[in-house]
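# Remarks on the overall topology
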Amino acid sequence: MTTEPALRVEPPRFEHHREPLGMGESAPRLSWTVVTDLPGWRQRAYEIEIADETGATLTATGVVESDRSVLVPWPGAELGSRQRCGARVRVHGRDGSAAGWSPWSWAETGLLEPARWHAGAAAPPLELLGPPDGPALLLRRDFAVRGPVAKARLYVTAHGLYEVEINGEVVGDDVLAPGWTSYGHRLRYRTHDVTALLREGANAVGATLADGWYRGRLGFHGGKTGVYGDRTALIAQLEITYTDGTADRLVTDGGWRCAPGPVTAASLYDGETHDARLLPDGWSSAGFDDGSWLPADVLDHDPALLVAPTGPPVRRIETLSPVEVLTGPEGETILDFGQNISGRLRVRVQGPAGHTVSLRHAEVLEDGALSLRPLRDAAALDRYTLRGGGTTEEWEPRFTVHGFRYAQVIDWPGDLGPGDVEAVVCHTDMRRTGAFTCSDPLLTRLHENVLWSMRGNFVDIPTDCPQRDERLGWTGDIQVFAPTASFLYDCAGMLSSWLADLSAEQADVGTVPHYVPWIDLLFPARPAAAWGDAAVIVPWVLHQRFGDLGVLRAQYPGMKAWVDQIAALTTKNLWDEGFQFGDWLDPASPPDQPGKSRTDHVLVATAYHAWSARILADTAGLLGHDDDATRYGALASAVRAAFRDEFVTPSGRLAGDTQTAYALALHLDLLEEPGQRERAGRRLVELVARDDHRIATGFVGTPLICDALASVGAHDTAYRLLTQRDCPSWLYPVTMGATTIWERWDSLLPDGSVNLGEMTSFNHYALGAVADFLHRTVAGLAPAAPGYRRLRVAPRPGGGLTHASAELRTPYGPASVAWTVAGGALTVAVTVPPGTVAELDLPCEGVFPKEVGSGTHTFTGPYRP
């Protein structure tokens, strides 16, 4: 029997990649975690070895005196295109301990320079193109493999959505590839290892192309089509290396052939129509006769726009079976999957050729039928026409996605049996990192709803909703939700990509647009507080939660541009002109006027300007831009002073006498004197009590109000607000059966009817930003230094809870806090990852250390509320 060593190192990670094949970094930073039962272990030094694909050493650092283990600079020469390398690490502790070498981790670069691309853009001819969101077209090409293959790589992307097959087998498991970026500035490609799909002799490659975000309909009020172009095209480069060292290359060019396929319509909003009778047998296999197919047109494209991904793609994550089969008021068959999701259905059906089954999707029921009005102009309807032949056919749409819990099955042939229909959950394949639970099942369910709303909306970009004719990357939503998102999942790579698009769009349109990628719909891009501030706040959150200084460095020009732009708009440091969303969806706002909040828009805007200026000053200091740090620090102070002069009385009352106004002033440290903070805190408590401990905040105030109350010691008020069940409150939707976070506090009214507002999504994560308070304050697990290098353990029990816990896979390893209250005593169990320390602030009597090192620690003492 073997035992694990007392000190070992996990395989190192390259940047934020889960699968570092085709990465775009020539000098990828390395991270590693240490596993040990040595108490209080801290790293003193490390060694890194880099090897080439043969195992020959390229770089050996020797012993480097450093305690860094997260995003450590690449120690070797920059990598070239297509270069495969391995990395391993060993560490030395301050206590004299030493680990053996970690297992090797292997990575491979993609095509790092535009000159490495030789593929054209192979486009189906105009006579095959239908209207936008019309048919998905087939492209194919035969090729020969002339000997034993050592390795083969497919570098591929498209103008539109694509799915590639080689010799009849689908390449990879991506969904909605290549995802959505600001295509005019950045187009992601993927690298696939296709060695196992090739065979000596005759081979074939095929692709299905749909319009997707490139050519299809995007946006509300009719939206726009052809935003990025009017022709779909495949860009693919297959590189084959033989065992004798020679190589071949197959690219998209005029030698590809095109034809219609079984997908006769494909729309992200409206759904997919598939006629299985139209699928040519063996079309992506060698020997298929494509003589009647048309040659592809070769279009120009700019390879300088092609970028490797920094995060994982969208994938099929899990499947759900119906929990109930319902009968609607007109006898319709409705499946309840028990959970609101982003995804689509997979059916197994047998019937006559030409019979069509239709699948309609919705998030909620109203009067027993699907509630379709919240979808607005998204039909969310998939249709499958059977091939026939007496066998069971399996089908799942490939070029659409829906937000739904319920599905109506129309014209099913015969009896609908168990297992005939299942829901396929689709979202970006991020690694789950955080969890929370407590003794109140409604609070625990609230947290689960937040989790599912993130899953439903992190579909390549962070969207507002997954169901209606919108699904845009609204900046304000992710600005408030980024701390929660960064706890629940490792979303650093995905959000870094989105931020790169934000910077590109900002530079292009002259400001941070309301959503990214930007589409010019009903209104122009214009500065708006809390939304545009995402350019500053989201990078800061990624730095704080993942320890990534690189994202600040990359985003710094855009951060400066945003703060400078707003400074130029202000009058005596007050942001008092221009359009504002304000405290969007304040529960008092009318259904048709979501921006009509109780809090002064100038107050909100000026508070955010002060916040962003302060973050920018801190960022400048971290990056070594000392003059900028001084300048923006002075700007932040001046804006704070202007805020106080305009909105704060000498005693601490605010001119904007709302929950959101006080939450901003307290949480963003906009008040100068301790007496002002004390009075503002008392007034916030009074306002919450006046509202019967119901929430009275919108998108801006909601993430901050519980923290603001806690900052002035009003934990009981925060808990009464948090555990309120009447509308509006966080738990009201839970009592109404919600399985995700709603866009409005009252998206579903107490009588079961749907809110009459045009915007009524049932999967909208913004108001779920309170989950970060559950992690940091209810459970008590918070970062005290970037990347959780220092943890703050400061649980604040209350609200009648008898236990709560939070777990997080930090960049240094697993951390957790779990507490229980029983018999007047509080017991807190803390797990601290190796290489880190935890600051303790425990609300119980007794003599406890101020900080503890790595390991598991338990503390018990009389509880003092």
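Being a predicted model, the structure only gives us computed values, none of them experimental. Per chain, residues are indexed from 1 in the order of the written sequence. pLDDT decides what is reported in this predicted model: residues at 70 or higher carry local features, side-chain atom pairs at 80 or more are listed and counted, and totals for whole chains, interfaces and linings draw on all residues regardless. Values reported for side chains reflect all heavy atoms of the structure, with hydrogen atoms and water molecules removed beforehand.

## What about the overall build of the protein chain?
Secondary structure counts use DSSP, requiring at least four H or I residues in a row for a helix and at least two E residues in a row for a strand, with both numbered from the N terminus. Along the protein chain, the regular secondary structure elements total 14 helices and 49 strands. The globule rule used here is 2.2 Å times the number of residues to the 0.38 power, and the radius of gyration it is set against is calculated over C-alpha atoms. Taken over the C-alpha trace, the protein chain has a radius of gyration of 28 Å; the compact-globule value for 865 residues is 29 Å, and the two agree within 12%. Overall size of the protein chain, expressed as C-alpha extent along the three principal axes, is 85 × 70 × 60 Å. Per-residue accessibility, obtained with a 1.4 Å probe over protein chains only, is compared with the maximum for each type, and a residue is labelled buried under 20%, exposed over 50%, and partly exposed between these values. For the protein chain, the proportion of its 865 residues judged to be buried stands at 61%. Here, two residues are considered to be in contact whenever any of their heavy atoms come within 4.5 Å of each other. Intrachain contacts of the protein chain at a sequence separation of at least 6 include 73% that bridge at least 24 residues. All accessibility values rest on the Shrake-Rupley procedure with a 1.4 Å probe; residue burial counts only the protein chains present in the view. Here the protein chain has roughly 30300 Å² of accessible surface; of this, 49% comes from carbon and sulfur atoms.

## Notes on the nonpolar core
Only buried Ala, Val, Leu, Ile, Met, Phe, Trp, Tyr and Cys residues count toward a nonpolar core, and they belong to the same one when joined by side-chain atoms within 4.5 Å. If you look at the biggest cluster of nonpolar residues, it comprises 184 residues, and the most contacted ones within it are Phe458 and Trp730. Of the residues forming this core, the biggest block, twelve residues, is contributed by helix H7 (residues 601-623). In contact with Trp730, other than residues within four places in its own chain, are Leu446, Ile695, Thr702, Ile705, Cys706, Leu721, Leu722, Trp745, Leu767 and Val770. The next biggest cluster of nonpolar side chains, apart from the first, holds 30 residues, and it includes Val156, Tyr162, Val205 and Leu250.

## Points about the pattern of salt bridges
Any Lys or Arg side-chain nitrogen found within 4 Å of a carboxyl oxygen on Asp or Glu counts as a salt bridge. In the structure shown here, the tally under the stated rule is 64 salt bridges. With a closest N to O distance of 2.9 Å, Arg146 and Asp248 form a salt bridge. Note that Arg146 is positioned in the loop between strand S12 (137-145) and strand S13 (149-159) and Asp248 in strand S20 (residues 247-251), a separation of 102 residues in sequence. Note on Asp248: relative accessible area 27%, which makes it partly exposed. Linked by salt bridges that have partners in common, Arg316, Arg344, Arg346, Arg348, Glu394, Glu396 and Glu422 make up one network.

## Thoughts on the sheet that holds strand S48 (residues 851-852)
By definition, two strands form a pair when at least two bridges between them are found by DSSP. The mixed open sheet is built from four strands, whose spatial order is S42-S43-S47-S48. Each edge of the sheet is formed by a strand with only one pairing partner; in this case those strands are strand S42 (781-783) and S48. With two bridges joining them, strand S47 (residues 837-840) and S48 adopt antiparallel strand pairing. Its bridge partner lying in S48, Ala838 is registered against Val852.

## Comments concerning the sheet that holds S12
Strand order in this open sheet of six strands is S15-S14-S18-S12-S21-S24, and the pairing throughout is antiparallel. Of all the strands in the sheet, just strand S15 (169-170) and strand S24 (294-295) have a single pairing partner and so form its edges.

## With respect to the packing of helix H12 (residues 715-722) against helix H14 (residues 771-779)
Orientation is described by lines fitted to C-alpha atoms, with helices fitted over the stretch in contact, and by angles between N-to-C directions that extend from 0 to 180 degrees. Running from N to C, H12 and H14 point in directions that differ by 140°, and their axes come no closer than 13 Å. Considering the angle they form, H12 stands oblique to H14. For the element pair H12 and H14, the recorded crossing hand is left-handed. Note on element contacts: H14 touches H12 through Phe773, Leu774, Thr777 and Val778, opposite His715, Ala718, Tyr719 and Leu722. In terms of residue class, the contact of H12 with H14 is made up of six nonpolar, two polar and no charged. Oblique is the label for every angle not falling under 35 degrees (roughly parallel), over 145 degrees (roughly antiparallel), or within 65 to 115 degrees (roughly perpendicular). What makes a crossing left-handed is the near helix being turned counterclockwise from the far one by less than a right angle; a clockwise turn instead makes it right-handed. Residue type decides the class: Asp, Glu, Lys and Arg count as charged, Ala, Val, Leu, Ile, Met, Phe, Trp, Tyr, Cys and Pro as nonpolar, and the leftover types, Gly among them, as polar.

## A word on the packing of aromatic side chains
Two rings from Phe, Tyr or Trp (for Trp, the six-membered ring) form a pair when their centres sit within 6.5 Å of each other. Planes less than 30 degrees apart are called stacked, planes more than 60 degrees apart edge-to-face, and all others tilted. In the structure shown here, the tally under the stated rule is 29 aromatic pairs. Note on Tyr183 and Tyr214: the rings are 5.7 Å apart at their centroids and 45° apart in plane angle, and the pair reads as tilted. Here the residue Tyr183 occupies a position in the loop between S15 and strand S16 (187-188), and Tyr214 occupies one in helix H1 (residues 212-215), the gap between them amounting to 31 residues. Cluster of aromatic residues (ring-pair linked, three or more members): Trp474, Tyr515, Trp518, Trp531, Phe579, Phe581, Trp584 and Phe699. A ring is scored as having a charge over it whenever the NZ atom of a lysine or the CZ atom of an arginine sits within 6 Å of its centre and within 35 degrees of its normal. The aromatic ring of Trp452 is capped on one face by Arg455, whose charged end is 4.1 Å from the ring centroid. Taking the ring centre of Phe579 as reference, the NZ or CZ of Arg526 above it sits at 4.1 Å.

## So, the pairing of S47
Looking along a regular strand, one sees side chains alternate from face to face of the sheet. As paired strands, strand S43 (residues 790-793) and S47 are joined by four bridges and run parallel to one another. What sits directly across from Val793, in S47, is Leu840.

## With respect to the packing of helix H6 (residues 549-569) against H7
As a packed pair, H6 and H7 sit with axes 10 Å apart at the nearest point and diverge in direction by 140°. Between H6 and H7, the crossing angle belongs to the class labelled oblique. Considering only the axes of H6 and H7, their crossing is left-handed. Each of Leu549, Leu552, Arg553, Tyr556, Met559, Lys560, Trp562, Val563, Ile566 and Ala567 in H6 lies in contact with H7, whose residues at this interface are His609, Ser612, Ala613, Ile615, Leu616, Thr619, Ala620, Leu622 and Leu623.

## Considering the environment of Val325
Along the chain, Val325 falls in strand S28 (residues 324-327). The sequence separation of Val325 and Leu335 amounts to ten residues, and the corresponding C-alpha distance is 4.8 Å.

## Observations concerning the side chain of Glu165
When you line up the elements, Glu165 lands in strand S14 (residues 161-166). It is Arg398 that comes nearest to the buried, bridge-free Glu165 among opposite-charge side chains, at 4.5 Å. In terms of polar contacts, Glu165 uses its side chain to reach the side chain of Ser284, at 2.7 Å. Beyond its immediate chain neighbours, meaning those up to four positions away, Glu165 contacts Val170, Val171, Ala204, Val205, Gly206, Trp283, Ser284 and Arg398. Charge counting follows a simple rule: Lys and Arg are positive, Asp and Glu are negative, and His as well as the terminal groups are ignored. Any pair of N or O atoms that falls within 3.5 Å is considered a polar contact. Within protein, one atom must be able to donate a hydrogen and the other to accept it, and sequence-neighbouring residues count only if both atoms are side-chain atoms.

## Overview of unusual backbone geometry
For the peptide bond that leads from Ala177 to Pro178, omega is 10°, which places it in the cis range. Relative to the helices and strands, Pro178 resides in the loop between S15 and S16. Positive phi is not limited to glycine here, since Arg82 has a value of about 65°. Phi at Leu585 is positive, roughly 60°, even though this residue is not glycine. Note that Leu585 resides in the loop between H6 and H7. Residue Leu585 is classed as buried on the basis of its relative accessible area, which comes to 3%.

## Digging into helix H8 (residues 626-647)
Over its 22 residues, H8 extends 31 Å from the first C-alpha to the last, a length consistent with the 32 Å expected when each residue adds 1.5 Å. Within the sequence span of H8, burial applies to Asp628, Ala629, Tyr632, Gly633, Leu635, Ala636, Val639, Arg640, Ala642, Phe643, Arg644 and Phe647. If you follow the buried residues of H8, they end up packed against H6, H7, helix H9 (659-667) and helix H10 (674-690). Each residue after the first adds 1.5 Å to the expected span of a helix.

## Concerning the side chain of Glu422
Residue position: Glu422 is located in strand S36 (residues 421-428). Side-chain polar atoms of Glu422 contact the side chain of Arg348, separated by 3.0 Å. Setting aside chain neighbours within four positions, we find Glu422 in contact with Thr319, Leu320, Phe337, Arg344, Leu345, Arg346 and Arg348.

## Quick notes on the environment of Ala829
Mapped onto the elements of the fold, Ala829 is located in strand S46 (residues 825-832). With a relative accessible area of 28%, Ala829 lands in the partly exposed category. Along the backbone, Ala829 and Val817 are twelve residues apart, and their C-alpha atoms lie at a distance of 5.7 Å. Excluding residues that lie within four positions of it along the chain, Ala829 makes contacts with Ser816, Val817, Ala818, His857 and Thr858.

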